[in-house]
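Chain residues, written in single-letter form:
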Amino acid sequence: RAKLEGGNTFSFYSPSMDADARRRQIIEAQLRGALARDELSVVYQAQNNLDSGNIIGTEALLRWHSAELGMVSPAEFIPVAEECGLIIPIGSWVLRQACAQNKIWQDLGLPRLRVAVNLSARQFRGDTLVDEVAAVLKETGLPAEFLELEVTESALIHNIDAAVATCRKLKALGVKLSLDDFGTGYSSLAYVARFPFDKLKIDQGFVRDITHNPANAAIATAAIAIAHGLNLSVLAEGVETEAQAIFLRNRRCDAMQGYLFSKPSAPEAITTLLVNNTRLFLGLTHSASEQA
Ligand code: C2E
Ligand code: MG
Ligand code: MG
Ligand code: MG
């Protein structure tokens, strides 16, 4: 902040530059050519209804396998992409990939699912987002209701009125909106009600030790109540154990996402998962009708 406002700072490469800053600079340089070199890919993680277990959707998650650096985590390179602006072309690419892939799954005749795409603050603040989303839906043929956009509080708090307006325009296209990483932000709860969200995603930090940390259990339980009080659905992120899933289901959480059911996986692996899920579903329907 001081850097931005001071205006009297210089940026240069020097041996004394600390290791973090050097790493950041290398990531930026390598990321610049990553799309052209075909180093980026999108994986998908299933989301399940907590009562039925059925898959209700997937979340698209970006992966970067750099020729120079190996696998780099999005937790590391997304913030860099955000700062240097590369998130704009990369984010557009992810959106297109995810919509096209979801349309492929729909065209297989499987039960139709929603795909969730993460938006960074910079994408969200740009003035081209709404038109771009509309164009991508048109190009890929994915009906708007099967696209969900995930935003975090940090994307919204800079200019709440502008953010509310953008959310309304997105909703007018017919897409769904989720608030990601709920509980990790710093602003008041009042703003949540101002946004036309469809879903809250409880951050995995609260879910991880939900069965033995009473404070986090209380926060997760309160988050579920807030969501339902506002007529939103609620999904818990990072569900790794059956005990966590049962705890959340008992507290009427609607959906879960986590390693317990699905790791983020290549599209082909998700196709298999979807086909098997459908077989299971058809199998259940079949035995039910036999009994009737
Ligand atoms: P997120 O949107 O909150 O995504 C959930 C993260 O939790 C993912 O990490 C996912 O792999 C991880 N996860 C899911 N289930 C479990 C679990 O059971 N246990 C544990 N320990 N982790 C689990 P990932 O893929 O490393 O992504 C990290 C973050 O990077 C994402 O958090 C999101 O904020 C950002 N990101 C990823 N892809 C994109 C993208 O295409 N665009 C933007 N703007 N951000 C992205
Ligand atoms: Mg997300
Ligand atoms: Mg999250
Ligand atoms: Mg996160």
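Preceding block: the structure.
Predicted model only: the values in this text are computed from it and were never measured. (Residues numbered from 1 in each chain as written. Chains lettered and ligands numbered in written order. Predicted model: local features only at pLDDT ≥ 70, side-chain atom pairs only at ≥ 80, totals over all residues. Heavy atoms only, no water.)

## Brief notes about empty space enclosed by the protein
- Applying the stated criterion across every chain yields a total of one cavity of 30 Å³ or more.
- Within this model, the largest cavity holds a volume of roughly 30 Å³.
- The wall of the largest cavity is formed by N102, W105, Q106, L110, P111, R112, L113 and L274.
- Residue contributions to the lining of the largest cavity peak at three residues, all from helix α4 (residues 87-107).
- Residue classes in the lining of the largest cavity are distributed as five nonpolar, two polar and one charged. (1 Å grid on protein atoms, 1.4 Å probe; cavity = no way out; pocket = protein on both sides within 12 Å on 5 of 7 lines; lining within 4 Å. Points joined across faces, edges and corners; volume = space filled by probe spheres on them. Helix = DSSP H or I, 4+ residues; strand = E, 2+ residues; numbered from the N terminus. Nonpolar A, V, L, I, M, F, W, Y, C, P; charged D, E, K, R; others polar.)

## Description of the layout of surface pockets
- Within this model, the largest pocket holds a volume of roughly 1100 Å³.
- Around the largest pocket, the lining is made up of 37 residues, and of these E59, L61, P74, N118 and D180 lie nearest the centre.
- Breaking the lining of the largest pocket down by element, the ones donating at least two residues are β2 (55-66), α3 (74-84), α4, β4 (114-118), α5 (121-125), β5 (147-151) and β6 (176-182).
- Of the residues assigned to the lining of the largest pocket, the class counts are 16 nonpolar, 12 polar and nine charged.

## Regarding helix α12 (residues 242-250)
- Within the sequence span of α12, burial applies to Q244, A245, F247 and L248. With its buried residues spanning 160 degrees around the axis, α12 presents them on a single face.
- At its buried positions, α12 is contacted by α10 (204-207), α11 (214-229), β8 (233-237) and β9 (255-257).
- Directly after α12, the chain includes R252, whose backbone phi takes a positive value near 70 degrees. (Buried < 20%, exposed > 50% of the residue type's maximum accessible area, 1.4 Å probe, protein only. Arc of directions from axis to C-beta. Contact = heavy atoms within 4.5 Å.)

## What to know about the pattern of salt bridges
- Summed over all chains, the structure comprises 13 salt bridges.
- Ionic pairing is found between E83 and R24, a salt bridge with its closest N-O pair at 3.0 Å. Taken together, the positions of E83 in helix α3 and R24 in helix α2 (residues 19-32) put the pair 59 residues apart, joining distant regions of the chain.
- Classification of E83 as exposed rests on a relative accessible area of 53%.
- Here R24 falls in the partly exposed class, since its relative accessible area comes to 26%.
- Salt-bridge contacts for D107 lead to K103; the nearest nitrogen and oxygen are separated by 2.8 Å. Of this pair, D107 and K103 both sit in helix α4, four residues apart, which is roughly one turn of the helix.
- Assessed through its relative accessible area of 54%, D107 is described here as exposed.
- Judged by relative accessible area, K103 falls into the partly exposed class, the value being 23%. (Salt bridge = Lys/Arg side-chain N within 4 Å of Asp/Glu carboxyl O.)

## A few points about the packing of α4 against helix α6 (residues 129-140)
- For the pair α4 and α6, the least separation of the axes is 9 Å and the interaxial angle reads 35 degrees. Along this stretch, α4 crosses α6, giving a crossing that reads as right-handed. Contacts from S92, L95, R96, C99, A100 and K103 in α4 reach E132, V133, V136, L137, E139 and T140 in α6.
- Per-class residue counts for the contact of α4 with α6 are six nonpolar, two polar and four charged. (Axes fitted to C-alpha atoms, helices over the stretch in contact; angles between N-to-C directions. Left-handed = near helix turned anticlockwise from the far one by under 90°.)

## Some points on the site of ligand 1
- As a structural note, the neighbourhood of ligand 1 is formed by 23 residues, with R63, N118, Q204, E240 and Y259 the closest of them.
- Here E59 contributes a side-chain N or O atom positioned 3.0 Å from an oxygen atom of ligand 1.
- Y259 places a main-chain nitrogen or oxygen 2.8 Å from an oxygen atom of ligand 1.
- Across the complex, the protein chains shield 84% of the 800 Å² of accessible surface that ligand 1 would expose by itself.
- In this structure, ligand 1 is accommodated by the largest pocket.
- Put simply, the parts of the chain that give the shell around ligand 1 at least two residues each are β2, α3 and β6. (Near = heavy atom within 4 Å. Polar contact = N/O pair within 3.5 Å; in protein donor to acceptor, adjacent residues only side chain to side chain. Areas by Shrake-Rupley, 256 points an atom, 1.4 Å probe, with all protein chains shown as cover. Sits in = over half its atoms within 2 Å of the grid points.)

## What about unusual backbone geometry?
- With a phi close to 55 degrees, D181 is a non-glycine residue in the positive phi region.
- Inspection of the secondary structure puts D181 in strand β6.
- The class of D181 is partly exposed, set by a relative accessible area of 26%.
- At N231, a residue that is not glycine, the phi angle is positive and equals roughly 65 degrees.
- Exposure remark for N231: the relative accessible area of 74% places this residue in the exposed category.

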